[in-house]
Amino acid sequence: MIRTIESIIGEINKVKNILVVGHIMPDGDDISSVLSLTMGLEKLGKNVRGVIDWEIPGYLEEFPYVKEKIKSYDCIKEFPAELIISVDASSPDRIGRVYDHFKFARSVVIDHHATNTYFGNINWVDKFGATAQMVLRLNKMLEIEYDKDLSTVNLLGIATDTGFFKYSNTDATIFKDVAWLVDKGGDIGFISNMILENKPYEHLMLYKDFLDEMRFDDNIAYSHITLDMLKKYKIPPKDSPSFVGELRSIKGVEVAITFSEAEPNVYHVSMRSKNWFDVSKVAVHFGGGGHPRAAGFSKETSDLKKLEKDVVETIKLLMESYK
């Protein structure tokens, strides 16, 4: 790990203009990793652009520095990137159109997904609870000084990707990193209020309809959110909640699935497991990726019912192999 970080630092030291890119459909760890590395490299005097080729969900867009430092794809057209650093993305398709620019610059991949395809010139892929932990280690080795703002931004990814320290990826290193960041001013109370105590009323109304569509198949629970359901409550697709965690929390459920329509006939499928089933195998089967307990993929189809059936049947077949 240290040798890989040193190689990344060597690439950073060679250049002035750096692009830090996150993945499509960004989550808390992605936003945190892009921001933390962008802010850190700026402290070194680098010319940095943070870019995500996707609309940022409203609940994350409200965090400090997100609108200021994370730009849309269009901003890189006139940016002479000498080095592109991808964070929290497991494969080229996950960074959208930015991957087209890898042919023009050196590239670094920093990621914690076991399904990573190693698509950079230098690839640091490791089993951390959050990519934000990896960015923290890189920033420390770059001797970047942490203040309250950077500490809070970096803490966001660790808190959200561990489910606020309740998921199975919460190990001793998580708490050591959190303690260090809190000591530097990281505000976990602010983060928890923004994420957990900031739910729009419209999302609760949507949840009623989501539960009406909920189905069970043995220890599998699944439901869907369509564009018509979102339109009913005037919720933009980019702000569509997943509710997959709520399904997983049901007693007796091992696998939870949410099928979310992002644009006409295009569904994002989010999967979570509770104790033993590896949902990343299902995601890879359908062209996606992720972690054993949290994974997903996207699928274009005009037949939602068939998609639901195919995914559930695939899970049941894999479950049989565990017996």
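Note that the structure is a prediction, hence the values are computed from the model and not measured. (Residues numbered from 1 in each chain as written. Predicted model: local features only at pLDDT ≥ 70, side-chain atom pairs only at ≥ 80, totals over all residues. Heavy atoms only, no water.)

## Observations concerning the nonpolar core
The nonpolar side chains of a soluble globular protein tend to be buried with one another. Of all hydrophobic cores here, the largest spans 50 residues; its most connected members are Ile12, Ile31, Leu41, Ile85, Ile110 and Leu138. The contacts of isoleucine 85, once residues within four sequence positions are left out, are Ile12, Ile18, Leu19, Val20, Val21, Leu37, Leu41, Val108 and Ile110. Within the second largest apolar cluster, 21 residues are counted, among which are Val269, Phe297, Leu307 and Ile315. (Core = buried A, V, L, I, M, F, W, Y, C linked by side-chain atoms within 4.5 Å. Buried < 20%, exposed > 50% of the residue type's maximum accessible area, 1.4 Å probe, protein only. Contact = heavy atoms within 4.5 Å.)

## Digging into the packing of helix H1 (residues 2-14) against helix H5 (residues 131-141)
The interhelical angle for the contact between H1 and H5, taken along N-to-C directions, is 65°, at an axis separation of 10 Å. Considering the relative orientation of H1 and H5, their crossing is right-handed. Each of Ile2, Ile5, Glu6, Ile8, Ile9 and Ile12 in H1 lies in contact with H5, whose residues at this interface are Arg137, Leu138 and Met141. Grouping the constituent residues of the contact of H1 with H5 by class yields 7 nonpolar, no polar and 2 charged. (Axes fitted to C-alpha atoms, helices over the stretch in contact; angles between N-to-C directions. Helix = DSSP H or I, 4+ residues; strand = E, 2+ residues; numbered from the N terminus. Left-handed = near helix turned anticlockwise from the far one by under 90°. Nonpolar A, V, L, I, M, F, W, Y, C, P; charged D, E, K, R; others polar.)

## With respect to the sheet that holds strand S1 (residues 17-21)
As summarised here, the arrangement of the 6 strands in space is S3-S2-S1-S4-S5-S6, forming an open sheet in which the pairing is parallel. Each edge of the sheet is formed by a strand with only one pairing partner; in this case those strands are strand S3 (70-71) and strand S6 (122-125). Bridge count between strand S5 (residues 106-111) and S6: 4 bridges; the pairing is parallel. In the sheet register, isoleucine 110 faces S6, and the bridge partner there is tryptophan 124. Against the sheet, H1 makes contact with S1, strand S4 (83-87), S5 and S6, and its axis sits at roughly 135° relative to S6, the strand it touches most. Along the sheet, H5 makes contact with S4, S5 and S6, crossing S5 at roughly 125°. (Pairing = 2+ DSSP bridges.)

## Points about the environment of valine 135
Inspection of the secondary structure assignment puts valine 135 in helix H5. The class for valine 135 is buried, based on a relative accessible area of 0%. On a C-alpha basis, the gap between valine 135 and aspartate 303 in space is 41 Å, while along the polypeptide they are 168 residues apart. Contacts of valine 135, omitting those with residues within four sequence positions, involve Ser33, Ser36, Leu37, Val87 and Tyr146.

## Observations concerning the pairing of S5
The element S5 is extensively covered by neighbouring structure, given that 5 of its 6 residues are classed as buried. Alignment of S4 against S5, held across 5 bridges, turns out to be parallel. In the sheet register, isoleucine 85 faces S5, and the bridge partner there is valine 108.

## Details of the domain arrangement of the protein
By the assigned domains, the protein splits into domain 1 (5-144) and domain 2 (201-321). Taking only C-alpha atoms into account, the centre of domain 1 sits 28 Å from that of domain 2. On the side of domain 2, 9 residues touch domain 1, which itself brings 11 residues to the contact. Inspection of the region where domain 1 meets domain 2 yields 1 salt bridge. Across the domain 1-domain 2 interface, the total number found is 5 residue pairs in polar contact (both at pLDDT 80 or more). Within the side of domain 1 that touches domain 2, the residues separate by chemical class into 5 nonpolar, 4 polar and 2 charged. (Domains from an automatic or database assignment. Salt bridge = Lys/Arg side-chain N within 4 Å of Asp/Glu carboxyl O. Polar contact = N/O pair within 3.5 Å; in protein donor to acceptor, adjacent residues only side chain to side chain.)

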